[in-house]
Amino acid sequence: MSNNDIMKKLRVALKFTDDDIIEVLSLVDFKVTKTELSAIFRKEDHPNFKPCGDQFLRNFLNGLIIYKRGRRPDTRSKS
């Protein structure tokens, strides 16, 4: 299963729109345009298809954690 397939399945399972995915990625300071997103969700034989890299998927998953759980509280002591 490719990273593109994983992104497609997550998008459907979470009922995310392009704007939702862009918001999740912005939580980890990863900038992406709607055009780049549509290239990732295209079929492999389409001329504008773009493979989803490991970095993209990693940043999406890290952003999804923040989106669902919130930011990790600062546990460092302020002495």
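Going by the structure above, here's the rest.
Residues numbered from 1 in each chain as written. Predicted model: local features only at pLDDT ≥ 70, side-chain atom pairs only at ≥ 80, totals over all residues. Heavy atoms only, no water.

Caption draft 1: Looking closely at the side chain of Asn59. Its place among the elements puts Asn59 in helix H4 (residues 54–69). When neighbours within four sequence positions are excluded, Asn59 is seen to be in contact with Leu25, Val28 and Phe30. (Helix = DSSP H or I, 4+ residues; strand = E, 2+ residues; numbered from the N terminus. Contact = heavy atoms within 4.5 Å.)

Caption draft 2: Spatial organisation of the packing of helix H2 (residues 18–26) against H4. The geometry of H2 relative to H4 is characterised by a closest axis approach of 7 Å and an angle of 90° between their N-to-C directions. Here H4 runs roughly perpendicular to H2, going by the angle between their axes. The residues of H4 that touch H2, namely those facing Ile21, Glu23, Val24 and Leu25, are Phe56, Asn59, Phe60, Gly63, Leu64 and Tyr67. Residues belonging to the contact of H2 with H4 are distributed by class as follows: seven nonpolar, two polar and one charged. (Axes fitted to C-alpha atoms, helices over the stretch in contact; angles between N-to-C directions. Parallel < 35°, antiparallel > 145°, perpendicular 65-115°, else oblique. Nonpolar A, V, L, I, M, F, W, Y, C, P; charged D, E, K, R; others polar.)

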